[in-house]
Amino acid sequence: MSESDRSHCNQTIDKFIYFGNLYPHEPQFQSGLFYGLALTPRFERDIAHDARKNMPFADGSVKGFQSQDVFEHIPYQKIPAIMDDIFRCLQKGGIFRLSLPDYNSPLLRRRSVYDADGNILCDLAMGGMVSATLNDGVQVGFAGEEGDSHIWFPTFNTVLPLILTSEIRKCDTIQIHHAWIDKDKWICKPFAQGVMPVSRVPPHDMRADGKPISIVIDFIK
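Here the structure is a predicted model, which is why all the values come from computation and not from measurement.

Undergrad: Kindly report on the environment of Ala192, identifying the contributing residues and their values.
TA: Checked against the element boundaries, Ala192 lands in the loop between strand 11 (186–188) and strand 12 (214–220). Separated by 170 residues in sequence, Ala192 and Leu22 place their C-alpha atoms 21 Å apart.

Dropping the structure here:
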């Protein structure tokens, strides 16, 4: 990101913000409408930022935010404060699009390990590891660098409290596009993807035969 672009970080910016590195192959990069917020900037429109800290934008200054498969890498208890800051920064009428892997989806459940009470311990496809000993029981670990693994496992029932305890609940409109409400019922509605496309939804991703594999929610301030 250029120094002239950085000078706008505490002012109104005529861009959308994407949580994570903004890879050149991403539609959000190719559209020219987004900056990325990344712990380690790698590309020309990445802004260095730790998502667990307040963003460097003025109140009501950002057109919109998109978080796509990011928050499950951040400790659960940190998420409401991040949503508070998104609400602070959003312009009136601005949109925050949240998408998360849905661990009520049969596709994700099949690759996960559970404890005796049916709670997910880890996702083996996303860096989770389990081991056991005769004396100490099951031990859970995570492979790769910090931030690579899923450290909590979103479902409708775990995401809802995050919304209700955050300022984001004050948005004028909250639209749930995709979600498994429980293990038998799901929502899968078409939604506009011109500006903020979501990759892990049908028809882009048909691994679940057209059923949801992501929770997708829009918040309009």
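Additional details are given in the paragraphs that follow.
Undergrad: If you had to explain unusual backbone geometry to someone new, which residues and values would you point to?
TA: Working note: non-glycine residues mostly have negative phi, and peptide bonds are mostly trans. Going from Pro202 to Pro203, the amide bond is cis rather than trans, its omega being 0 degrees. Mapped onto the elements, Pro203 comes out in the loop between strand 11 and strand 12. Here Asp69, not a glycine, exhibits a phi torsion of approximately 60 degrees, which is positive. Mapped onto the secondary structure, Asp69 falls in the loop between strand 4 (62–68) and helix 3 (79–89). Asp69 sits in the buried class, given a relative accessible area of 15%.

Undergrad: How would you sum up the pairing of strand 4? Please name residues and give values.
TA: The element strand 4 is extensively covered by neighbouring structure, given that six of its seven residues are classed as buried. Sheet topology note: the strand 4/strand 5 (residues 90–101) ladder contains six bridges and is parallel. Considered in strand 5, the bridge of Val62 is made with Leu90. Handedness of the crossover joining strand 4 and strand 5 through helix 3: right-handed.

Undergrad: Tell me about the nonpolar core, and please be specific about residues and values.
TA: Formed by 34 residues in total, the largest nonpolar core has its most connected members in Phe19, Phe65, Phe71, Ile86, Phe96 and Ile168. Breaking this core down by element, the ones donating at least two residues are strand 1 (13–19), strand 2 (34–38), strand 4, helix 3, strand 5, helix 5 (156–164) and strand 12. Examining the composition of this core, we find that six residues originate from one element, helix 3, more than from any other. Leave out the neighbours within four places in its chain, and Ile86 touches Phe19, Met55, Phe65, Phe71, Phe96 and Ile168. Core analysis: the next-biggest nonpolar cluster, separate from the first, contains seven residues, Phe16, Tyr18, Phe34 and Met196 among them.

Undergrad: Tell me about a nonpolar patch on the surface, residues and numbers included.
TA: A contiguous nonpolar patch, built from Leu124, Val130, Val138, Val140, Phe142 and Ile151 and spanning about 480 Å² of accessible area, is present on the exposed surface. With respect to the element layout, Ile151 can be found in the loop between strand 9 (137–142) and helix 5.

Undergrad: Got a sec to walk through the packing of aromatic side chains? Specific residues and values, please.
TA: Per the counting criterion, the structure on display carries ten aromatic pairs. Ring centres of Phe19 and Phe71 lie 5.7 Å apart, and the angle between their planes is 70 degrees; this geometry places the pair in the edge-to-face category. Of this pair, Phe19 sits in strand 1 while Phe71 sits in the loop between strand 4 and helix 3, and the two are 52 residues apart along the sequence. Exposure class is identical for Phe19 and Phe71. Each is buried. Between Trp180 and Trp186 the ring centres are 5.0 Å apart and the planes differ by 45 degrees, which places this aromatic pair in the tilted class.

Undergrad: Kindly report on the side chain of Asn104, identifying the contributing residues and their values.
TA: Note that Asn104 resides in the loop between strand 5 and helix 4 (106–109). The class for Asn104 is buried, based on a relative accessible area of 8%. For Asn104, the residues in contact, after removing those within four places along its chain, are Arg109, Thr155, Phe156, Trp180, Ile181, Asp182 and Lys183.

Undergrad: Requested: an account of helix 5, with residues and values cited.
TA: For helix 5, the complete set of buried residues consists of Phe156, Val159, Leu162 and Ile163. Projection of helix 5 onto a plane perpendicular to its axis shows the buried side chains occupying an angular sector of 120 degrees, all on one side. Among the exposed residues of helix 5, those pointing more than 90 degrees away from its buried face are Asn157 and Leu164. Buried residues along helix 5 sit against helix 3, strand 5, strand 10 (173–180) and strand 12.

Rules and cut-offs
- Residues numbered from 1 in each chain as written.
- Predicted model: local features only at pLDDT ≥ 70, side-chain atom pairs only at ≥ 80, totals over all residues.
- Heavy atoms only, no water.
- Helix = DSSP H or I, 4+ residues; strand = E, 2+ residues; numbered from the N terminus.
- Buried < 20%, exposed > 50% of the residue type's maximum accessible area, 1.4 Å probe, protein only.
- Pairing = 2+ DSSP bridges.
- Right-handed = clockwise from strand over helix to strand, strands pointing away.
- Core = buried A, V, L, I, M, F, W, Y, C linked by side-chain atoms within 4.5 Å.
- Contact = heavy atoms within 4.5 Å.
- Patch = residues over 30% accessible without salt bridge, like charges linked within 9 Å, V, L, I, M, F, W, Y side chains within 5 Å.
- Areas by Shrake-Rupley, 256 points an atom, 1.4 Å probe, with all protein chains shown as cover.
- Salt bridge = Lys/Arg side-chain N within 4 Å of Asp/Glu carboxyl O.
- Phe/Tyr/Trp six-rings, centres within 6.5 Å; stacked < 30°, edge-to-face > 60°.
- Arc of directions from axis to C-beta.

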